[in-house]
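Chain and residue survey
So you can see what is in the structure, the chains are spelled out below.
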Amino acid sequence: MTMNLFRTALAVYSTSLEKRPMITEMTTSGALWCLGDLATQHIENRIAIASREKESNETAVASGGTGTCSIEKPKHAGIDWKRTLHQTVYASFIWAPFAHKWYHFLEKLAHTLVPSENQLQLLATKFGLEMIWLHPIALFAFFTIVGALSGDSVATILSQLRADYWQTFLLEITLWTPIDLLNFAFVPVRHQLFVVNCGCFLECIALSFIKFNGIEKCKSCLPTFAFLSKNNEKEKVSRSKN
């Protein structure tokens, strides 16, 4: 039953992609990023509730660094639909059209740079171009455009870029390396954006959390990203030795 539903949905998606590729990808991107932000807000609300319960059961102890996980939210916080709308607009009207053009452009560029049909060279070329061009630009666009839609000032956007950009980019590399390699190796170009959007659902959860709470909260509240703290500590130790 489940497999039949999946096959039917895939067939409908493939037909729509063939007839209206841009509209289909814009709709898919918007829906997945919308769900990603809603999932993020659910996580934030659960963390805020847990923080309040902890504070009510023990004396609050002031502590520095990133070890304490707490998020300040109203006691009966619901969903911030405006925030979700901003990210859906970004995904549908900025990310999707750009990515749609990018993957077709990337295919042509890779075959121009690697004239032979050496699949390993083509894979390495696509992956390198993706990491050098797409991810840095897309991450910069996310912080600036979503920030602007949210009403952030230029100073606030620049401050967050200085504080969060490079560590978030490290997170991007960690997330996208396996996804990109598998995508380029096994998925036809016309379906590559769909695979990327599925990865974007996970990425959106992280990016939305970072955008509205900062990278330090992400490291302390989401154990999956604790490796960022370890890398940051190693950098500090290395600088102190120098």
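Please refer to the structure placed before this passage.
Residues numbered from 1 in each chain as written. Predicted model: local features only at pLDDT ≥ 70, side-chain atom pairs only at ≥ 80, totals over all residues. Heavy atoms only, no water.

1. Some thoughts on the packing of helix H4 (residues 119-149) against helix H6 (residues 189-213)
Two elements in contact, H4 and H6, have axes separated by 11 Å at closest approach and are oriented at 50°. On the basis of the axis angle, H4 is oblique to H6. Crossing of H4 against H6: the hand is right-handed. Side by side, H4 and H6 meet where Leu139, Phe142, Phe143, Val146 and Gly147 of the first sit next to Leu207, Ser208, Ile210, Lys211 and Phe212 of the second. (Axes fitted to C-alpha atoms, helices over the stretch in contact; angles between N-to-C directions. Helix = DSSP H or I, 4+ residues; strand = E, 2+ residues; numbered from the N terminus. Parallel < 35°, antiparallel > 145°, perpendicular 65-115°, else oblique. Left-handed = near helix turned anticlockwise from the far one by under 90°. Contact = heavy atoms within 4.5 Å.)

2. Observations regarding the packing of aromatic side chains
Enumeration over the complete set of coordinates arrives at 11 aromatic pairs. With a centroid separation of 5.9 Å and an interplanar angle of 45°, the aromatic rings of Trp33 and Phe142 are classed as tilted. Here Phe142 lies in helix H4 and Trp33 lies in helix H2 (residues 21-57), a separation of 109 residues in the sequence. Measuring from centroid to centroid gives 6.5 Å for Tyr103 and Phe184, while their planes differ by 50°, and the two rings are tilted. With Tyr103 in helix H3 (residues 81-113) and Phe184 in helix H5 (residues 154-186), this residue pair connects regions lying 81 residues apart in the sequence. (Phe/Tyr/Trp six-rings, centres within 6.5 Å; stacked < 30°, edge-to-face > 60°.)

3. Some words on empty space enclosed by the protein
In the structure shown here, the tally under the stated rule is 2 cavities of 30 Å³ or more. Considered as a void within the structure, the largest cavity measures approximately 90 Å³ in volume. Along the walls of the largest cavity sit 14 residues, with Trp95, Ala138, Glu172, Cys200 and Glu203 positioned nearest its centre. When residues of the lining of the largest cavity are assigned to their parent elements, the largest contribution, 5 residues, is made by H4. In terms of residue class, the lining of the largest cavity is made up of 11 nonpolar, 1 polar and 2 charged. The volume enclosed by the second largest cavity comes to roughly 30 Å³. Lining the second largest cavity we find Glu25, Ala99, His100, Tyr103, His104, Val189, Arg190 and Leu193. (1 Å grid on protein atoms, 1.4 Å probe; cavity = no way out; pocket = protein on both sides within 12 Å on 5 of 7 lines; lining within 4 Å. Points joined across faces, edges and corners; volume = space filled by probe spheres on them. Nonpolar A, V, L, I, M, F, W, Y, C, P; charged D, E, K, R; others polar.)

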